[in-house]
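Results of the structural survey
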Amino acid sequence: MGIRIALAGNPNCGKTTLFNALTGSNQFVGNWPGVTVEYKEGKYKGDKEVKIVDLPGIYSLSPYTLEEVVSRNYLIDEKPEAIINVIDGTNLERNLYLTTQIVELGIPVVIAINMMDVVEKNGDKINTKKLSEEIGVPVIEISALKNRGLKDIVDAAVKAAKEALPQSPKHRFDGSVEHALAHIEELCLHNVEDENVQRWYSIKLFERDEKIQEKLGLSEETVNHIEKDIASCEKELDDDAESIITGERYNYIGTIIDGCVKKAKKGLTTSDKIDRIVTNRFLALPIFAVVMFLVYFVSVTTVGSWATDWANDGVFGDGWHLFAIGSADYNDAVDKYNEADLIIVGYDLYCEGNGEGPTGDFKYPVEDEETAAVEYRTATHEDYVEAMEYINSHEVPEPEDYGVWIPGIPVFVESGLDAIKCNDAVKGLILDGIVAGVGAVLGFVPQILVLFIFLAFLEACGYMARVAFIMDRIFRKFGLSGKSFIPMLIGTGCGIPGIMASRTIENDRDRKMTIMTTTFIPCGAKLPFIAMVAGAIFGGAAWVAPSAYFLGIFAIITSGIMLKKTKIFAGDPAPFVMELPAYHWPTLSNVLRSMWERGWSFIKKAGTIILLSTIVVWFTTFFGFTPDGFRMLEEEEIGMSILASIGKGLSWIFIPLGFGDWEATVASITGLVAKENIVGTLAIIYGAAGDVYETMRAAFTDASGFAFLAFNLLCAPCFAAMGAIKREMNNTKWFWRAIGYQCGFAWVIGLIIYQVGKLFTGEGFTVGTVFGIAAIACLLYGLFRKDKYAN
Amino acid sequence: MTLRDVKVGDTVKVTKIDGAGAVKRRIMDMGITKGVEIYVRKIAPLGDPVEITVRGYELSVRKADAEMILVEG
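Residues numbered from 1 in each chain as written. Chains lettered and ligands numbered in written order. Predicted model: local features only at pLDDT ≥ 70, side-chain atom pairs only at ≥ 80, totals over all residues.

1. Quick word on the overall build of chain A
Note the cut-off: Helix numbering and strand numbering both begin at the N terminus, where a helix is a DSSP run of H or I of at least 4 residues and a strand a DSSP run of E of at least 2. Any residue with 12 or fewer other C-beta atoms within 10 Å of its own C-beta is exposed, any with 20 or more is buried, and the rest are partly exposed; the C-beta atoms used are placed from the backbone. Our contact criterion uses C-beta atoms placed from the backbone: two residues qualify when those atoms are within 7 Å.
For chain A, the helix and strand inventory stands at 34 helices and 16 strands. Counting only C-alpha atoms and orienting by the principal axes, one finds that chain A spans roughly 110 × 65 × 60 Å. The proportion of buried residues among the 791 residues of chain A is 47%. For chain A, the proportion of contacts with a sequence separation of at least 24, taken over those separated by at least 6, is 71%.

Put into structure tokens, the structure is as follows:
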């Protein structure tokens, strides 16, 4: 059988660098079952029989954080053959605290003192031989970054695993504690099979660790019995049990360090100097703003959006020009040709309407592709003559003529399907269902990768912890972490990388809260819809777009405050006692690896749900029962589709919100595929009756129109974002909680806007108003009720 | 006196940790135990949390949590 070696150590001790250096590309990355904590294992490069498991970075083996519980359960239950305890050589004192607990588990331990290159550079001396004697385990000096001592540490661990000598700690607590521990062991631990872990169990019971009491199945009677031992010891030492144990561990470490470490006297380190500037009272916020702007500018506005456009409109669209050479010329030509064409259309329309050609100026319609808004421009007779000449002397511009044109995958697939004379339904399924679905998954990957380069860099260099330090004060009021700032910021561009950015938040509850609320911020895909509502219903009013952002921020704040007080987020508040690691320059390979892992996990974990739901929506949109039986429909026949029937069946839900007709319902459902689809669907549905904006204006009042907007901004995001939520929650129950909460919250806000809004738009007081006011009251109750779970 | 009241630039000694449960344990796990010296480095630009040096490394503590840490000058 192979050997399993667990890597355990504090966060920022260089464990991940060591893991990468030991395993190379032989890695498996996933999650611990049912929780959001990352699980990593890999095969040792030098010997495939040696499996290395990378435990989460932890400071202790207490029962209070998910990472610690996951780690200690793995160590006790799975019993790896050996543990490599990775220690940051520049910070021995705190790192050894975890060591004092790990050596109590009975599993062979070897210590890897990492970052020895830095220790030596600082002029510090560590007497590893003495340290090894004091703690009673082999100690190896390494530098994961410089590939130093890597073989030695694995060899030592393998040797320890093969010898399998029971590990026992050299450290003894105060006499009265040891007395209590002996009692506890005698009383309730004789059943524990592996006697090597007995000491660990007895210390945990002494600390009143409820998770261990439960695990051992202790009766209430036994617990009470132990309690007497603990209480008498506490009385003797005048402190509580946990403090006694922690204090003694640190005192013990203090004596070891005194004997083994010689620190060179030194002034400020480079890291100190950087920190003096970066989190300086006056410069911190401006520097923060610049860093955030850079992250946003590159990963959302420029490189990120080029990448997304290329992936969505190029690879999964019509195609793209190699290196974008010729694109600009081609677009100019297309614009010119279309403009000429539209002028002629306008001329013909005038002729149709008036029975004769215009003598002077005439109008022609120009439709905005994104928002379906129609604008009328004026043309003169000369324009018409010029346009006719242009059309007659030019062909429709072909992209191939302007550069090296690479057709998109759909074009390629379509021509293939046409060549084999594929049935229309199958063709539709493949093109609009499967290829579009795969496109929806992969289209976001380039942007996610760009963002994750940044996040990996910010995390690895130590600035991410400072982000939390700077923003904590604002965000913790809403039950969020200072690190929630980045997901929300990125969320204004696209919710998917935004949700995935929540990965950097250590605390489980903060992370879940961030995942649930990030998509409330309007993303880029919602902008055309906002513009459409503003243009069609509110006559292009300028306040509509900013109001969407205010609504998003309002939703995040109220949700944070309300959810914080609910049972699912109850429990001890997360202690925000956070290490601010020393700044250091990350290695390129670690940054790239972290980027790739996260991008890949999105494809793998979010891909299925996105693909399936896209296919389902495609099917229901393009099939339906018509007078001539069940068949595939044209785009314009959406009124007969299964989706329309579903819309008709569900539209009653939205009656209290003022838009209880199937058109709005269907548009909301297609918005789940991609939010910009709402515009397209409404354009098709309302376009059938003439001018899209006019028909839409007639279908909504001010109140119902804004309620419709609010509902679609706040309800469940697109399938791709839902996939990201599912991936990050890693838990079906939490996934549905998030989606359910978002839809429910959106519905309540829509109700309030419509019912209370009617009061102000002159529709008077109705029964509905009562419900609207009741909903406000509920919201206020949720916001201001006492937090009964707070301590 | 609690850690909250300590001025930036001062060094103090911990006498006791109040409170219970996860927060207290976390504070102690991070090395803030009875008798240890704490140097208050700076306050975050928005006024909270504070950055301290303890056992040779930097730690960020919220003022509300700092109130649980009793110190003497």
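2. Brief notes about the overall build of chain B
Using the following cut-off: Atoms counted for the radius of gyration: C-alpha only. Globule rule: 2.2 Å times the number of residues to the power 0.38.
Along its length, chain B carries two helices and five strands. Each helix and strand of chain B, placed in order from N terminus to C terminus, yields the pattern β-α-β-β-β-α-β. Relative to a compact globule of 73 residues, whose C-alpha radius of gyration would be 11 Å, chain B shows 11 Å and is just as compact. For the C-alpha atoms alone, the extent of chain B along its principal axes is close to 30 × 25 × 20 Å. Counting over 73 residues, chain B shows a buried share of 52%. Residue pairs in contact within chain B that sit at least 24 positions apart in sequence constitute 55% of those at least 6 positions apart.

3. Observations concerning the interface of chain B and chain A
Just so we agree on the cut-off: Under the scheme applied, nonpolar residues are Ala, Val, Leu, Ile, Met, Phe, Trp, Tyr, Cys and Pro; charged residues are Asp, Glu, Lys and Arg; polar residues are all the others, including Gly. When DSSP locates at least two bridges between a pair of strands, those strands are taken to pair.
Taken together, the contact pairs 30 residues of chain B with 29 residues of chain A. Among the elements of the structure, helix H1 (21–29) and strand E4 (57–61) of chain B are those that each provide at least two residues to the side of chain B that touches chain A. Looking at the side of chain B that touches chain A residue by residue, the class counts come to 13 nonpolar, six polar and eleven charged. Where strand E14 (residues 577–579) of chain A and E4(B) come together, three bridges link them in antiparallel fashion. For Glu579(A), the partnering residue across the bridge sits in E4(B) and is Leu59(B).

4. Section: the nonpolar core
All names here are of chain A. Here is the rule: Here a nonpolar core is just a set of buried residues of the types Ala, Val, Leu, Ile, Met, Phe, Trp, Tyr and Cys, joined wherever their C-beta atoms sit within 7 Å.
Within the largest apolar cluster, 228 residues are counted, with the highest numbers of intra-cluster contacts made by Val110, Ala112, Ala710 and Ala720. For this core, the element with the most residues is helix H19 (residues 445–461), which contributes ten residues. Sequence-distant contacts of Ala720, defined by excluding residues within four places in its chain, comprise Ala440, Val441, Phe444, Ile496, Ala606 and Ile610. Formed by eight residues, the second largest nonpolar core is a distinct cluster that contains Tyr347, Phe362, Tyr364 and Ala387.

5. Remarks on the sheet that holds strand E1 (residues 11–17) of chain B
The line we're drawing: The axes used here are C-alpha line fits, helices contributing only the stretch in contact, and every angle between their N-to-C directions lies in the interval 0 to 180 degrees.
Read across the open sheet, the six strands follow the order E14(A)-E4(B)-E3(B)-E2(B)-E1(B)-E5(B); overall the sheet is antiparallel. Both edges of this open sheet fall to E14 of chain A together with strand E5 (69–72) of chain B, since each of them pairs with a single strand only. Direction aside, neighbouring strands of the sheet carry axes that sit 40 degrees apart on average. Sheet topology places strand E2 (residues 37–43) of chain B next to strand E3 (residues 50–54) of chain B; five bridges connect them, and they run antiparallel. Across the sheet, Ile38(B) pairs through a bridge with Val54(B), a residue of E3(B).

6. Notes on the domain arrangement of chain A
All names here are of chain A. Applied cut-off: The domain boundaries here were taken from an automatic or database domain assignment.
On domain assignment, one finds that chain A holds domain 1 (3–163), domain 2 (175–262), domain 3 (319–407) and domain 4 (451–523 + 541–606). Computed from C-alpha atoms alone, the centre-to-centre distance between domain 1 and domain 2 is 25 Å. Counting from both sides, the interface comprises 18 residues of domain 1 and, opposite them, 19 residues of domain 2. For the side of domain 1 that touches domain 2, the elements supplying multiple residues, two or more each, are helix H2 (66–78), helix H3 (92–102), strand E7 (125–126) and helix H5 (128–135). When residues in the side of domain 1 that touches domain 2 are grouped by element, the largest group, five residues, is from H3. Split by residue class, the side of domain 1 that touches domain 2 holds nine nonpolar, three polar and six charged.

7. Here we look at H3(A)
Most of H3(A) sits out of view: ten of its eleven residues are buried. Those residues of H3(A) that sit buried are Leu92(A), Arg94(A), Asn95(A), Leu96(A), Tyr97(A), Leu98(A), Thr99(A), Thr100(A), Gln101(A) and Ile102(A).

8. With respect to the pairing of strand E15 (residues 623–626) of chain A
All names here are of chain A. Note that E15 and strand E16 (residues 629–632) share four bridges and pair antiparallel. Across the sheet, Gly624 pairs through a bridge with Arg631, a residue of E16. Two successive antiparallel strands, E15 and E16, enclose a turn made up of two residues.

9. Some words on the environment of Thr732(A)
With respect to the helices and strands, the residue Thr732(A) is situated in helix H33 (residues 732–760). Sequence-wise, Thr732(A) and Trp652(A) are 80 residues apart; in three dimensions their C-alpha atoms are separated by 28 Å.

10. Comments concerning the sheet that holds strand E8 (residues 139–141) of chain A
Residues and elements named next belong to chain A. The mixed open sheet is built from seven strands, whose spatial order is E2-E3-E4-E1-E5-E6-E8. The two strands at the open ends of the sheet, each matched to only one other strand, are strand E2 (27–31) and E8. Ignoring which end each strand starts from, the neighbouring axes of this sheet average 25 degrees apart. Note that strand E3 (residues 38–44) and strand E4 (residues 47–54) share five bridges and pair antiparallel. Following the sheet pairing, Lys40 is matched in E4 by Asp54.

11. Let's talk about unusual backbone geometry
Going from Asp48(B) to Pro49(B), the amide bond is cis rather than trans, its omega being -5 degrees. Looking at the secondary structure, you find Pro49(B) in the loop between E2 and E3.

12. Details of the packing of helix H28 (residues 662–670) of chain A against helix H29 (residues 677–687) of chain A
Residues and elements named next belong to chain A. The line we're drawing: Crossing handedness is read from the near helix: turned anticlockwise from the far helix by less than a right angle, it gives a left-handed crossing, and turned clockwise, a right-handed one.
For the pair H28 and H29, the least separation of the axes is 8 Å and the interaxial angle reads 145 degrees. Seen from above, H28 lies across H29 with right-handed handedness. Here H28 contributes Glu663, Val666, Ala667, Ser668 and Thr670 to the contact with H29, which in turn contributes Asn677, Ile678, Thr681, Leu682 and Ile685. Of the residues in the contact of H28 with H29, the class split is five nonpolar, four polar and one charged.

13. Here we look at the confidence of the model for chain B
As a reminder of what qualifies: pLDDT measures how confident the predictor is about each residue, on a scale from 0 to 100.
Across chain B, the average pLDDT comes to 92, with 100% of residues at or above 70. Prediction confidence for the complex, expressed as pTM and ipTM, is 0.81 and 0.96 respectively.

14. Quick word on helix H15 (residues 327–354) of chain A
All names here are of chain A. Note the cut-off: Working rule for helices: expected span equals 1.5 Å times residues minus one.
Helix length check: H15, at 28 residues, gives a terminal C-alpha distance of 40 Å against a target of 40 Å (1.5 Å per residue), a fit within 8%. Buried residues along H15 sit in contact with strand E11 (362–367), strand E12 (374–379) and helix H16 (381–393). Directly beyond the C-terminal end of H15, a positive phi value near 75 degrees is found at Gly355.

15. Regarding the pairing of E4(B)
Residue and element names in this part refer to chain B. With five of its five residues buried, E4 lies for the most part within the structure. Residues Tyr57, Leu59 and Val61 of E4 are buried on one face, and the alternating residues Glu58 and Ser60, pointing to the opposite face, are buried as well. Summarising the sheet, E3 and E4 pair through five bridges and their orientation is antiparallel. Bridge assignment links Glu51 to a residue of E4, and that residue is Ser60.

16. Considering the packing of helix H11 (residues 241–260) of chain A against H1(B)
Rules: Just so you know how the angles are binned, under 35 degrees is roughly parallel, over 145 roughly antiparallel, 65 to 115 roughly perpendicular, and the rest oblique.
Where H11(A) contacts H1(B), the two axes come as close as 10 Å, and the packing angle between them is 10 degrees. Put simply, H11(A) runs roughly parallel to H1(B). Side by side, H11(A) and H1(B) meet where Glu242(A), Ser243(A) and Thr246(A) of the first sit next to Arg25(B), Met28(B) and Asp29(B) of the second. Taken together, the residues of the contact of H11(A) with H1(B) break down into one nonpolar, two polar and three charged.

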